[in-house]
Amino acid sequence: MGADAARRAALGAQGLDAPPRPVPPNRGGLTRLVRHLGLLQLDSVNVAVRAHYAPVFARLGSYDRDVLDALAWPRTAADHRRRAFVEFWAHEASLVPVEDWPLLRWRMRDNTARTSRWLGNALDHRPDILDAVHDAVATHGPLEAREVEAVLGDGGERRARAHGGWWHRSDVKVACEHLFATGVLTTGTRRGFRRAYAVSEDVIPPEVFAQHPDRAESMRQLTLRAAAAHGVATEPDLRDHYRLPPAESRVAVTELVDEGELEEVEVAGWGAPAYRLPGTRVPRRVTGGALLAPFDPMIWFRPRTERLFGFTYRIGIYTPAEQRTHGYYVFPFLLDGQLVGRVDLKTDRAAGVLRVPAAFAEPECVERGADEARVAAELAVALRDMAAWLGVDDVVVEGGPLAPALSRALASRTVAVAGGH
(Lines give C-alpha, C1' and ligand atoms only; values in the text may rest on other atoms or scores of the structure.)
Protein backbone atom coordinates (compact mmCIF):
# COMPACT_ATOMS: atom_id res chain seq x y z
CA MET A 1 0.00 0.00 0.00
CA GLY A 2 1.39 3.41 -0.89
CA ALA A 3 1.83 6.14 1.70
CA ASP A 4 -0.65 8.40 -0.15
CA ALA A 5 -3.32 5.68 -0.12
CA ALA A 6 -2.72 5.11 3.59
CA ARG A 7 -3.16 8.83 4.26
CA ARG A 8 -6.39 8.90 2.25
CA ALA A 9 -7.67 5.85 4.14
CA ALA A 10 -6.86 7.54 7.45
CA LEU A 11 -8.63 10.76 6.44
CA GLY A 12 -11.62 8.81 5.17
CA ALA A 13 -11.90 6.90 8.43
CA GLN A 14 -11.80 10.19 10.32
CA GLY A 15 -14.51 11.78 8.18
CA LEU A 16 -12.07 14.36 6.83
CA ASP A 17 -11.98 13.36 3.18
CA ALA A 18 -14.65 15.80 1.95
CA PRO A 19 -16.14 19.17 2.98
CA PRO A 20 -18.94 19.07 5.56
CA ARG A 21 -22.48 18.92 4.24
CA PRO A 22 -24.27 22.28 4.26
CA VAL A 23 -27.09 20.95 6.48
CA PRO A 24 -26.34 21.30 10.24
CA PRO A 25 -26.12 17.89 11.95
CA ASN A 26 -28.84 16.77 14.35
CA ARG A 27 -28.57 14.58 17.45
CA GLY A 28 -28.31 11.47 15.32
CA GLY A 29 -25.48 12.86 13.22
CA LEU A 30 -23.50 13.93 16.27
CA THR A 31 -24.03 10.58 17.96
CA ARG A 32 -22.96 8.60 14.89
CA LEU A 33 -19.78 10.64 14.52
CA VAL A 34 -18.67 10.19 18.13
CA ARG A 35 -19.49 6.49 18.04
CA HIS A 36 -17.33 6.12 14.97
CA LEU A 37 -14.44 8.15 16.38
CA GLY A 38 -14.77 6.23 19.65
CA LEU A 39 -14.30 9.25 21.88
CA LEU A 40 -13.83 12.98 22.13
CA GLN A 41 -10.97 14.17 24.31
CA LEU A 42 -11.82 16.69 27.02
CA ASP A 43 -9.58 19.52 28.15
CA SER A 44 -10.16 22.53 30.35
CA VAL A 45 -8.34 25.04 28.11
CA ASN A 46 -10.86 27.36 26.47
CA VAL A 47 -8.61 29.86 24.70
CA ALA A 48 -10.22 29.24 21.29
CA VAL A 49 -12.93 26.65 21.91
CA ARG A 50 -13.07 23.65 24.23
CA ALA A 51 -11.29 20.59 22.89
CA HIS A 52 -14.30 18.30 22.45
CA TYR A 53 -16.27 20.77 20.35
CA ALA A 54 -13.66 21.39 17.64
CA PRO A 55 -13.32 17.90 16.09
CA VAL A 56 -17.07 17.80 15.45
CA PHE A 57 -16.94 21.19 13.73
CA ALA A 58 -13.98 20.07 11.58
CA ARG A 59 -16.00 17.11 10.28
CA LEU A 60 -19.61 18.24 10.29
CA GLY A 61 -19.38 22.01 10.01
CA SER A 62 -21.41 24.49 12.01
CA TYR A 63 -23.56 22.83 14.67
CA ASP A 64 -25.26 23.69 17.93
CA ARG A 65 -22.88 22.95 20.81
CA ASP A 66 -25.86 22.82 23.17
CA VAL A 67 -27.03 19.69 21.34
CA LEU A 68 -23.70 17.98 22.01
CA ASP A 69 -23.85 19.11 25.64
CA ALA A 70 -27.33 17.62 26.03
CA LEU A 71 -26.07 14.28 24.70
CA ALA A 72 -23.20 14.29 27.19
CA TRP A 73 -24.37 16.28 30.21
CA PRO A 74 -28.19 16.29 30.30
CA ARG A 75 -29.99 18.81 32.46
CA THR A 76 -33.54 17.57 32.00
CA ALA A 77 -35.25 14.21 32.46
CA ALA A 78 -35.92 14.00 28.73
CA ASP A 79 -32.27 14.62 27.90
CA HIS A 80 -31.18 12.09 30.54
CA ARG A 81 -33.14 9.37 28.77
CA ARG A 82 -31.36 10.25 25.53
CA ARG A 83 -27.85 10.49 26.97
CA ALA A 84 -25.46 9.17 24.34
CA PHE A 85 -22.06 9.84 25.93
CA VAL A 86 -20.46 9.48 29.32
CA GLU A 87 -17.12 10.58 30.73
CA PHE A 88 -14.19 8.37 31.61
CA TRP A 89 -10.45 8.04 31.16
CA ALA A 90 -10.08 6.67 27.62
CA HIS A 91 -7.40 8.43 25.55
CA GLU A 92 -7.22 11.00 28.31
CA ALA A 93 -10.28 12.43 30.01
CA SER A 94 -12.86 11.75 27.33
CA LEU A 95 -16.45 11.48 26.29
CA VAL A 96 -17.17 7.91 25.16
CA PRO A 97 -20.38 6.33 23.89
CA VAL A 98 -22.44 5.09 26.84
CA GLU A 99 -22.44 1.56 25.44
CA ASP A 100 -18.62 1.48 25.49
CA TRP A 101 -18.32 2.34 29.20
CA PRO A 102 -18.18 -1.35 30.28
CA LEU A 103 -15.21 -1.92 27.94
CA LEU A 104 -13.21 0.32 30.28
CA ARG A 105 -14.00 -1.59 33.47
CA TRP A 106 -10.52 -3.13 33.33
CA ARG A 107 -9.10 0.36 33.84
CA MET A 108 -11.53 0.98 36.69
CA ARG A 109 -10.33 -2.23 38.32
CA ASP A 110 -6.71 -1.20 37.84
CA ASN A 111 -7.45 2.17 39.43
CA THR A 112 -9.20 0.46 42.33
CA ALA A 113 -6.04 -1.55 43.00
CA ARG A 114 -3.95 1.61 43.17
CA THR A 115 -4.09 3.84 46.23
CA SER A 116 -2.49 7.12 45.29
CA ARG A 117 -0.51 9.21 47.73
CA TRP A 118 -3.26 11.85 47.56
CA LEU A 119 -6.01 9.40 48.43
CA GLY A 120 -3.83 8.07 51.24
CA ASN A 121 -3.57 11.56 52.68
CA ALA A 122 -7.34 11.98 52.47
CA LEU A 123 -7.94 8.63 54.18
CA ASP A 124 -5.50 9.59 56.92
CA HIS A 125 -7.54 12.71 57.59
CA ARG A 126 -10.90 10.97 57.35
CA PRO A 127 -10.92 7.17 56.98
CA ASP A 128 -14.58 7.12 55.95
CA ILE A 129 -14.24 9.77 53.24
CA LEU A 130 -14.97 7.47 50.30
CA ASP A 131 -18.18 6.21 51.85
CA ALA A 132 -19.12 9.71 53.00
CA VAL A 133 -18.61 11.19 49.52
CA HIS A 134 -20.52 8.34 47.88
CA ASP A 135 -23.43 8.71 50.26
CA ALA A 136 -23.58 12.49 49.79
CA VAL A 137 -23.64 12.15 46.00
CA ALA A 138 -26.15 9.30 46.11
CA THR A 139 -28.48 11.36 48.30
CA HIS A 140 -28.09 14.84 46.86
CA GLY A 141 -26.34 14.48 43.48
CA PRO A 142 -25.30 15.46 40.95
CA LEU A 143 -22.89 17.49 43.07
CA GLU A 144 -19.72 19.42 42.39
CA ALA A 145 -16.86 18.72 44.79
CA ARG A 146 -17.44 22.01 46.61
CA GLU A 147 -21.09 21.05 47.05
CA VAL A 148 -20.05 17.69 48.51
CA GLU A 149 -17.82 19.61 50.90
CA ALA A 150 -20.80 21.70 51.96
CA VAL A 151 -22.87 18.56 52.60
CA LEU A 152 -20.06 16.99 54.67
CA GLY A 153 -19.36 20.13 56.63
CA ASP A 154 -15.62 19.93 57.14
CA GLY A 155 -14.59 17.85 54.16
CA GLY A 156 -13.01 20.68 52.24
CA GLU A 157 -10.97 22.28 54.98
CA ARG A 158 -7.95 19.97 54.95
CA ARG A 159 -5.57 20.35 52.05
CA ALA A 160 -2.23 18.74 51.25
CA ARG A 161 0.75 20.78 52.32
CA ALA A 162 2.40 21.28 48.95
CA HIS A 163 2.07 23.49 45.95
CA GLY A 164 0.41 23.28 42.55
CA GLY A 165 -2.17 21.20 40.72
CA TRP A 166 -3.46 18.14 42.50
CA TRP A 167 -1.60 19.15 45.63
CA HIS A 168 -4.06 21.96 46.26
CA ARG A 169 -7.12 19.77 45.86
CA SER A 170 -9.19 19.16 48.92
CA ASP A 171 -9.57 15.69 50.41
CA VAL A 172 -13.13 15.64 49.08
CA LYS A 173 -12.01 16.46 45.54
CA VAL A 174 -9.37 13.73 45.69
CA ALA A 175 -11.99 11.27 46.92
CA CYS A 176 -14.41 12.31 44.17
CA GLU A 177 -11.76 11.80 41.52
CA HIS A 178 -10.77 8.42 42.94
CA LEU A 179 -14.38 7.27 42.89
CA PHE A 180 -14.67 8.58 39.34
CA ALA A 181 -11.52 6.72 38.25
CA THR A 182 -12.80 3.49 39.76
CA GLY A 183 -16.20 3.76 38.09
CA VAL A 184 -18.20 4.29 41.28
CA LEU A 185 -19.05 7.86 40.29
CA THR A 186 -19.31 9.46 36.89
CA THR A 187 -20.15 12.94 35.64
CA GLY A 188 -23.85 13.51 35.98
CA THR A 189 -23.62 16.92 34.34
CA ARG A 190 -21.29 19.88 34.05
CA ARG A 191 -21.88 23.45 35.19
CA GLY A 192 -19.53 26.02 33.71
CA PHE A 193 -17.44 22.99 32.75
CA ARG A 194 -17.14 21.99 36.41
CA ARG A 195 -17.83 18.31 36.91
CA ALA A 196 -20.92 17.45 38.97
CA TYR A 197 -20.62 13.88 40.16
CA ALA A 198 -23.36 11.26 40.14
CA VAL A 199 -23.46 7.59 41.09
CA SER A 200 -22.60 5.64 37.92
CA GLU A 201 -25.41 3.16 38.43
CA ASP A 202 -27.89 6.05 38.34
CA VAL A 203 -26.47 7.37 35.04
CA ILE A 204 -25.53 4.31 32.99
CA PRO A 205 -28.54 2.41 31.60
CA PRO A 206 -29.14 -0.81 33.62
CA GLU A 207 -28.55 -3.10 30.64
CA VAL A 208 -25.19 -1.42 30.01
CA PHE A 209 -24.16 -1.17 33.66
CA ALA A 210 -24.76 -4.91 34.07
CA GLN A 211 -22.09 -5.79 31.49
CA HIS A 212 -18.72 -7.00 32.74
CA PRO A 213 -16.66 -8.04 29.71
CA ASP A 214 -13.42 -9.78 30.52
CA ARG A 215 -10.18 -7.90 30.14
CA ALA A 216 -8.90 -9.65 27.00
CA GLU A 217 -12.20 -9.20 25.18
CA SER A 218 -12.27 -5.53 26.15
CA MET A 219 -8.79 -5.10 24.66
CA ARG A 220 -9.91 -6.71 21.41
CA GLN A 221 -13.09 -4.64 21.15
CA LEU A 222 -11.29 -1.38 21.88
CA THR A 223 -8.63 -2.26 19.31
CA LEU A 224 -11.34 -2.83 16.69
CA ARG A 225 -12.90 0.53 17.52
CA ALA A 226 -9.51 2.18 17.18
CA ALA A 227 -8.96 0.46 13.82
CA ALA A 228 -12.30 1.76 12.54
CA ALA A 229 -11.33 5.30 13.54
CA HIS A 230 -7.82 5.07 12.06
CA GLY A 231 -8.34 3.44 8.67
CA VAL A 232 -4.76 2.16 8.49
CA ALA A 233 -2.56 2.14 11.58
CA THR A 234 0.43 0.59 13.28
CA GLU A 235 -0.05 -1.26 16.55
CA PRO A 236 1.24 1.73 18.57
CA ASP A 237 -1.26 3.95 16.72
CA LEU A 238 -4.11 1.62 17.69
CA ARG A 239 -2.83 1.30 21.24
CA ASP A 240 -2.65 5.05 21.76
CA HIS A 241 -6.33 5.60 20.93
CA TYR A 242 -7.46 4.22 24.29
CA ARG A 243 -3.99 4.15 25.92
CA LEU A 244 -3.99 0.37 26.17
CA PRO A 245 -1.15 -1.48 27.96
CA PRO A 246 1.51 -2.27 25.31
CA ALA A 247 1.81 -6.01 25.92
CA GLU A 248 -1.95 -6.53 25.96
CA SER A 249 -2.39 -4.37 22.86
CA ARG A 250 0.11 -6.48 20.94
CA VAL A 251 -1.67 -9.67 21.99
CA ALA A 252 -5.05 -8.22 20.95
CA VAL A 253 -3.75 -7.22 17.51
CA THR A 254 -2.17 -10.65 16.96
CA GLU A 255 -5.38 -12.43 17.95
CA LEU A 256 -7.54 -10.20 15.76
CA VAL A 257 -5.28 -10.85 12.76
CA ASP A 258 -5.44 -14.61 13.43
CA GLU A 259 -9.24 -14.40 13.65
CA GLY A 260 -9.51 -12.38 10.41
CA GLU A 261 -10.91 -9.32 12.21
CA LEU A 262 -7.85 -7.29 11.22
CA GLU A 263 -5.61 -7.65 8.21
CA GLU A 264 -1.93 -6.78 8.12
CA VAL A 265 -0.71 -4.49 5.36
CA GLU A 266 2.65 -3.03 4.43
CA VAL A 267 2.71 0.73 3.92
CA ALA A 268 5.60 2.14 1.91
CA GLY A 269 7.98 4.10 4.09
CA TRP A 270 6.36 3.28 7.42
CA GLY A 271 8.96 0.78 8.55
CA ALA A 272 6.49 -1.13 10.72
CA PRO A 273 3.53 -3.44 10.06
CA ALA A 274 0.18 -1.71 9.65
CA TYR A 275 -3.33 -3.01 10.17
CA ARG A 276 -6.82 -2.26 8.90
CA LEU A 277 -10.30 -3.67 9.06
CA PRO A 278 -11.18 -5.83 6.05
CA GLY A 279 -12.95 -3.69 3.48
CA THR A 280 -11.55 -0.40 4.75
CA ARG A 281 -12.48 2.39 2.35
CA VAL A 282 -9.71 4.24 0.53
CA PRO A 283 -11.12 7.46 -0.97
CA ARG A 284 -9.92 8.16 -4.51
CA ARG A 285 -9.33 11.78 -3.61
CA VAL A 286 -9.54 14.03 -0.58
CA THR A 287 -10.91 17.55 -0.83
CA GLY A 288 -11.83 20.44 1.40
CA GLY A 289 -10.25 22.32 4.29
CA ALA A 290 -10.47 21.87 8.06
CA LEU A 291 -8.90 23.41 11.13
CA LEU A 292 -7.70 20.66 13.46
CA ALA A 293 -7.58 21.46 17.16
CA PRO A 294 -4.56 20.34 19.22
CA PHE A 295 -6.57 17.45 20.69
CA ASP A 296 -8.16 16.31 17.43
CA PRO A 297 -7.86 12.50 17.02
CA MET A 298 -6.44 13.00 13.53
CA ILE A 299 -3.27 14.54 14.96
CA TRP A 300 -3.12 13.78 18.69
CA PHE A 301 -0.53 10.95 18.30
CA ARG A 302 2.46 12.94 17.09
CA PRO A 303 4.49 10.05 15.58
CA ARG A 304 1.48 9.15 13.42
CA THR A 305 0.99 12.79 12.38
CA GLU A 306 4.59 12.99 11.24
CA ARG A 307 4.37 9.63 9.45
CA LEU A 308 1.15 10.50 7.62
CA PHE A 309 1.81 14.14 6.77
CA GLY A 310 5.52 14.84 7.30
CA PHE A 311 4.27 17.41 9.81
CA THR A 312 6.02 17.99 13.14
CA TYR A 313 3.66 19.33 15.78
CA ARG A 314 4.06 20.30 19.41
CA ILE A 315 1.31 21.73 21.59
CA GLY A 316 2.30 25.19 22.76
CA ILE A 317 0.29 25.10 25.98
CA TYR A 318 2.75 22.54 27.37
CA THR A 319 5.81 24.45 26.16
CA PRO A 320 7.53 27.38 27.92
CA ALA A 321 6.72 30.62 26.12
CA GLU A 322 10.30 31.19 24.98
CA GLN A 323 10.39 27.75 23.34
CA ARG A 324 7.14 28.01 21.38
CA THR A 325 7.68 28.01 17.64
CA HIS A 326 4.17 28.74 16.40
CA GLY A 327 2.10 29.94 19.36
CA TYR A 328 0.04 28.86 22.34
CA TYR A 329 -3.04 27.05 20.94
CA VAL A 330 -2.19 26.13 17.38
CA PHE A 331 -4.57 24.58 14.84
CA PRO A 332 -2.94 22.80 11.89
CA PHE A 333 -4.80 23.51 8.64
CA LEU A 334 -5.79 20.53 6.50
CA LEU A 335 -6.33 21.26 2.81
CA ASP A 336 -7.08 18.59 0.21
CA GLY A 337 -5.50 15.88 2.32
CA GLN A 338 -2.31 17.68 3.39
CA LEU A 339 -1.38 19.81 6.38
CA VAL A 340 -0.38 23.01 4.62
CA GLY A 341 -0.37 25.58 7.41
CA ARG A 342 -1.04 26.33 11.06
CA VAL A 343 -2.62 29.17 13.00
CA ASP A 344 -2.48 30.18 16.63
CA LEU A 345 -6.07 31.02 17.59
CA LYS A 346 -7.76 32.86 20.42
CA THR A 347 -11.43 33.72 20.71
CA ASP A 348 -11.70 37.22 22.16
CA ARG A 349 -15.30 37.04 23.33
CA ALA A 350 -15.28 40.52 24.87
CA ALA A 351 -14.22 42.12 21.59
CA GLY A 352 -16.29 39.74 19.48
CA VAL A 353 -13.39 38.60 17.28
CA LEU A 354 -11.40 35.48 16.49
CA ARG A 355 -7.77 36.52 16.89
CA VAL A 356 -4.91 34.94 14.94
CA PRO A 357 -1.75 35.83 16.90
CA ALA A 358 0.35 33.99 14.30
CA ALA A 359 -0.26 32.32 10.93
CA PHE A 360 2.09 30.10 8.97
CA ALA A 361 2.19 28.23 5.67
CA GLU A 362 4.23 25.03 5.69
CA PRO A 363 7.52 25.47 3.79
CA GLU A 364 6.75 22.41 1.69
CA CYS A 365 3.27 23.55 0.63
CA VAL A 366 4.47 24.73 -2.79
CA GLU A 367 6.01 21.32 -3.43
CA ARG A 368 2.68 19.77 -2.49
CA GLY A 369 0.83 21.82 -5.06
CA ALA A 370 -0.67 24.44 -2.72
CA ASP A 371 0.92 27.86 -3.12
CA GLU A 372 0.83 30.47 -0.38
CA ALA A 373 -1.97 32.50 -1.97
CA ARG A 374 -4.26 29.48 -2.17
CA VAL A 375 -3.43 28.41 1.39
CA ALA A 376 -4.28 31.92 2.58
CA ALA A 377 -7.52 32.04 0.58
CA GLU A 378 -8.77 28.66 1.81
CA LEU A 379 -7.64 29.38 5.36
CA ALA A 380 -9.56 32.66 5.29
CA VAL A 381 -12.73 30.76 4.42
CA ALA A 382 -12.14 28.28 7.25
CA LEU A 383 -11.49 31.04 9.77
CA ARG A 384 -14.61 32.97 8.73
CA ASP A 385 -16.66 29.81 9.11
CA MET A 386 -15.19 29.15 12.56
CA ALA A 387 -15.78 32.72 13.69
CA ALA A 388 -19.43 32.51 12.62
CA TRP A 389 -19.83 29.19 14.44
CA LEU A 390 -18.30 30.66 17.60
CA GLY A 391 -20.61 33.65 17.41
CA VAL A 392 -17.97 36.35 16.89
CA ASP A 393 -18.09 38.98 14.19
CA ASP A 394 -14.64 39.18 12.69
CA VAL A 395 -11.20 37.59 12.25
CA VAL A 396 -8.16 39.66 13.23
CA VAL A 397 -4.72 38.54 12.02
CA GLU A 398 -1.89 39.81 14.19
CA GLY A 399 1.34 38.16 13.08
CA GLY A 400 3.29 35.33 11.51
CA PRO A 401 4.80 34.91 8.02
CA LEU A 402 1.42 34.17 6.42
CA ALA A 403 -0.23 37.23 8.01
CA PRO A 404 0.01 39.59 5.01
CA ALA A 405 -1.46 37.08 2.54
CA LEU A 406 -4.09 35.94 5.03
CA SER A 407 -5.12 39.53 5.83
CA ARG A 408 -5.50 40.26 2.12
CA ALA A 409 -7.59 37.13 1.64
CA LEU A 410 -9.84 38.04 4.55
CA ALA A 411 -10.23 41.62 3.30
CA SER A 412 -10.98 40.41 -0.21
CA ARG A 413 -13.60 38.02 1.08
CA THR A 414 -15.15 40.79 3.19
CA VAL A 415 -15.38 43.10 0.14
CA ALA A 416 -16.83 40.29 -1.96
CA VAL A 417 -19.48 39.48 0.64
CA ALA A 418 -20.39 43.16 1.07
CA GLY A 419 -20.63 43.59 -2.70
CA GLY A 420 -22.89 40.55 -2.91
CA HIS A 421 -25.47 42.26 -0.70
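A few points on the structure. Source: prediction; values computed, not measured.

So, the overall build of the chain
Consideration 1: Along its length, the chain carries 18 helices and 13 strands.
Consideration 2: In terms of overall dimensions, the chain is globule-like: its C-alpha atoms have a radius of gyration of 23 Å, near the 22 Å expected for 421 residues.
Consideration 3: When its C-alpha atoms are laid out on the principal axes, the chain stretches across 65 × 55 × 45 Å.
Consideration 4: Looking at the 421 residues of the chain, the share that counts as buried comes to 55%.

Side note on the packing of aromatic side chains
Consideration 1: In the structure shown here, the tally under the stated rule is seven aromatic pairs.
Consideration 2: Both rings, one in Y63 and one in W389, keep their centres 5.5 Å apart while their planes meet at 35°; by these two values the pair is tilted. Within this pair, whereas Y63 is found in the loop between helix 3 (54-60) and helix 4 (65-72), its partner W389 is found in helix 17 (residues 372-390), the two being separated by 326 residues in sequence.
Consideration 3: Taken together, the aromatic side chains of F57, Y63 and W389 make up a single cluster linked through ring pairs.

Remarks on the nonpolar core
Consideration 1: Ranked by size, the top nonpolar core spans 82 residues in total, and within it F331, L383 and L406 carry the most contacts.
Consideration 2: The element that contributes the greatest number of residues to this core is helix 17, accounting for 10 residues.
Consideration 3: Those residues within four positions of F331 in sequence are excluded, and the remaining contacts are A48, V49, A54, L291, L292, A293, P294, G341, R342, V343, L345 and M386.
Consideration 4: In this structure, A132, V148, A227 and F301 belong to the second largest nonpolar core, which totals 50 residues.

Topic: the sheet that holds strand 1 (residues 40-41)
Consideration 1: Strands sit in the order 1-3-2 across an open sheet of three strands; the sheet is antiparallel. What marks the edges here is a single partner per strand, and that holds for strand 1 and strand 2 (85-89).
Consideration 2: Pairing of strand 1 with strand 3 (residues 93-97) involves two bridges; the strand directions are antiparallel. Bridge pairing in strand 3 links Q41 to S94.
Consideration 3: In the packing of helix 2 (residues 27-37) onto the sheet, contacts are made with strand 1, strand 2 and strand 3, and the angle to strand 2 comes to roughly 25°.

Notes on the packing of helix 9 (residues 145-152) against helix 10 (residues 171-181)
Consideration 1: Taken N-terminus to C-terminus, the directions of helix 9 and helix 10 make an angle of 120°; their axes are 9 Å apart at the nearest point. Of the possible angle classes, the one that applies to helix 9 and helix 10 is oblique. In this structure, helix 9 crosses over helix 10, and the sense of that crossing is right-handed. Seen from helix 9, the contacting residues are A145, V148, E149 and L152; seen from helix 10, they are V172, K173 and C176.
Consideration 2: Residues that form the contact of helix 9 with helix 10 fall into these classes: five nonpolar, no polar and two charged.

So, the side chain of R59
Consideration 1: Examined against the element boundaries, R59 turns out to sit in helix 3.
Consideration 2: Of the polar contacts made by the side chain of R59, one reaches the side chain of Q14; its length is 2.6 Å.
Consideration 3: In this structure the side chain of R59 is engaged in a polar contact, spanning 2.9 Å, whose partner is the backbone oxygen of P55.
Consideration 4: Setting aside anything within four residues of it in sequence, one finds R59 in contact with Q14, G15, L16, P20, L33, L37, D296, P297 and M298.

What counts and how
- Residue indices follow the written sequence of each chain, beginning from 1 at its first position.
- Note on the predicted model: pLDDT of at least 70 is required for a residue's local features to be given, and 80 or more for side-chain atom pairs to be given and counted; whole-chain, interface and lining totals, by contrast, use all residues.
- Only hydrogens and water are set aside when side-chain values are computed; all heavy atoms of the structure are taken into account.
- In this description a helix means any DSSP run of H or I spanning at least four residues, a strand means any run of E spanning at least two, and both kinds are numbered starting from the N terminus.
- Both definitions apply: the radius of gyration is a C-alpha atom measure, and the globule rule equals 2.2 Å times residues to the power 0.38.
- Only protein chains enter the accessibility calculation, which uses a 1.4 Å probe. A residue is then buried if its area is under 20% of the maximum for its type, exposed if over 50%, and partly exposed in between.
- Each Phe, Tyr or Trp ring, with Trp reduced to its six-membered ring, pairs with another whose centre is within 6.5 Å; inter-plane angles below 30 degrees give stacked pairs, above 60 give edge-to-face pairs, and intermediate values give tilted ones.
- Residue types Ala, Val, Leu, Ile, Met, Phe, Trp, Tyr and Cys, when buried and joined through side-chain atoms within 4.5 Å, form a set referred to as a nonpolar core.
- Any two residues having at least one pair of non-hydrogen atoms within 4.5 Å are treated as being in contact.
- Two strands are counted as paired when DSSP detects at least two bridges linking them.
- Structural elements are reduced to axes, namely lines fitted to C-alpha atoms, with helices fitted over the stretch in contact, and the angle between N-to-C directions of any two is expressed from 0 to 180 degrees.
- In what follows, roughly perpendicular refers to angles from 65 to 115 degrees, roughly parallel to angles under 35, roughly antiparallel to angles over 145, and oblique to any angle outside these ranges.
- In a left-handed crossing the near helix is turned counterclockwise from the far helix by less than a right angle, and in a right-handed crossing that turn is clockwise.
- Residues were grouped as follows: Ala, Val, Leu, Ile, Met, Phe, Trp, Tyr, Cys and Pro as nonpolar; Asp, Glu, Lys and Arg as charged; and all remaining residues, including Gly, as polar.
- Between N or O atoms, a polar contact is any pair within 3.5 Å; within protein, one atom must be a potential hydrogen donor and the other a potential acceptor, and residues adjacent in sequence are included only when both atoms are from side chains.

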